[in-house]
Amino acid sequence: MTASLKSIGTKQKALNINLDRSIYGSFAEIGAGQDVAAIFFKAGGASGTIAKTISAYDMAFSDAIYGEEESGKYVCEPRLMKMLTREFKLLKVRLTDTADEKRFFAFANTVSALNYQKTNDAHGWIGLRFQLKPNGPVNNLVIHVNMLDNDNILQQQALGIIGVNLLYGCFFLHGDPEKLLCSLLDDLSTDRIEIDMIRFEGDDFADVDNRLMSLYLVKHGFTQAAVFGPDGTVMQPYNALSKKHIIAIRGRFRPVTNIFLDMLKKGQTQFEQESDVDDDKICVLSELTLRNLEDGSHHINEKDFLDRVDILCSLGQTVLISNFHEYFKLVAYLSQFSPLKMALIMGMPNLEYIFDEKHYAQVDGGILTAFANLFGHNIKLYLYPTIDDKGAVLNLKTFKTVPHLRGLLHYLLDNKKLEDIKKSDEKLMNIRTDQVLAMIQQGPGDWEKLVPESVAKQIKEHALFGFPQ
């Protein structure tokens, strides 16, 4: 499915909702998000849709209505959920006589737009609590947005549009969650708004996997990366990564093998021993890139994606889905969340890839620009040795690059940007994921010794990765 469906326009969406007399609810908007209800008023027929609008702009007034936040923040998910809970409850209490006829909703947003000095991060939480039928189950749709317009007024206008899109999508496109997601940026563009988190909740969305929705955000270009935890809960990237020592390890994870766990465990142990690392502030990410999810025709098998994620989550991994093929783009992205030292853990073949100049042909400044973005941050790469085709161990001592890049390699080594993972297990160095996958597709066999026991059990029980039924 693509996002190329033609929008009927913001005003027409608002009018369609206003003309449906079964849709009835409240709008609560905090901070910069004051434009959503206004669009419904201007569209005409709003008396049949809007029970109440509230703008709790003053912080003290907002606290008096919704209570104080433990974090002291106003633009946060807990505040949004308190707003939705209170406003929807008031509808149910005060409008009991019409409950058999109305599909109630409570729309809320709490937003910080660009300040006068343009020094803040403009972002917001937007949500809808709603029923698809009178007296029916209650559902939630929550998103987090980053506003990219360089003007406060333009940001507010964009918030009005995305708010209308959210309401319209929930009531008219709920049967196709991906289509609903794609409609959120109708009459907008990814140059104006980024959606980096989306969560569907409720009985009417019982079959929706929010991890798959995270994949769609990246797939459709609504964001460059999305995060969810070991329990499958989607996470807003800033909340997950802010002020953390980030450890990232990239792979196809088809399947997870024993060398992955050994690489991660020993690399993390070395990183924790660094003098400038607080091991209480570490966040480990297993990264899946879109390219590693695509087949030869650039198609993503959604079941295969979820199979890989199920295994990673069962191993306690936090998963990052990204559209960063090059490592320097990944590091630039992660560095915006935390100034603390971070680490990339990888096998030696990945270092060969990083030093291959052909990957930077489209980058202004070529490999020098890429290396400045990759190694210019407070980062270290931990390399797990491997065995080459001739049986020799390849590590930093034996690694060779083309003559004119040797100076770069020595610079990185002298400045402790690269380090071998110590105590690596030579018995694991021969494991090749592609070979393990081919063995899995032949049925039970020696491959079971090459993956964690729990992974082998899942593969056999659920016939994953082509394992014969």
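Here is a short report on the structure shown in this document.

Basis of the calculations
Residues numbered from 1 in each chain as written. Predicted model: local features only at pLDDT ≥ 70, side-chain atom pairs only at ≥ 80, totals over all residues. Heavy atoms only, no water. Pairing = 2+ DSSP bridges. Helix = DSSP H or I, 4+ residues; strand = E, 2+ residues; numbered from the N terminus. Contact = heavy atoms within 4.5 Å. Axes fitted to C-alpha atoms, helices over the stretch in contact; angles between N-to-C directions. Buried < 20%, exposed > 50% of the residue type's maximum accessible area, 1.4 Å probe, protein only.

**Looking at the sheet that holds strand S13 (residues 379-384)**
Logical step 1: Overall, mixed pairing links the eight strands, which are arranged S8-S7-S11-S10-S9-S12-S13-S16 in an open sheet. Each having just a single partner strand, strand S8 (234-235) and strand S16 (418-420) make up the two edges of the open sheet.
Logical step 2: Bridging between strand S9 (residues 245-250) and strand S12 (residues 342-347) involves three bridges; their strand directions are parallel. Its bridge partner being in S12, Ile247 is matched across the sheet by Ala343.
Logical step 3: Here helix H12 (residues 327-335) sits on the sheet in contact with strand S7 (225-228), S9, strand S10 (282-289), strand S11 (318-322), S12 and S13, set at roughly 155° to S12.

**A look at the side chain of Ser322**
Logical step 1: Inspection of the secondary structure puts Ser322 in strand S11.
Logical step 2: A residue is classified by how much of its surface remains accessible, and Ser322, at 0% relative accessible area, is buried.
Logical step 3: Apart from the residues within four sequence positions on either side, Ser322 is in contact with Val218, Gln224, Ala225, Glu287, Leu288, Thr289 and Leu290.

**Description of the pairing of strand S3 (residues 103-112)**
Logical step 1: Of all 10 residues that make up S3, nine are buried, and the element is covered over most of its length.
Logical step 2: Across nine bridges, the pairing between strand S1 (residues 23-31) and S3 is parallel. If you follow Ile23 over to S3, its bridge partner there is Arg103.
Logical step 3: Here S3 pairs with strand S4 (residues 123-131) via eight bridges, running antiparallel. From the neighbouring strand, Phe105 faces S4, where its bridge partner is Phe130.

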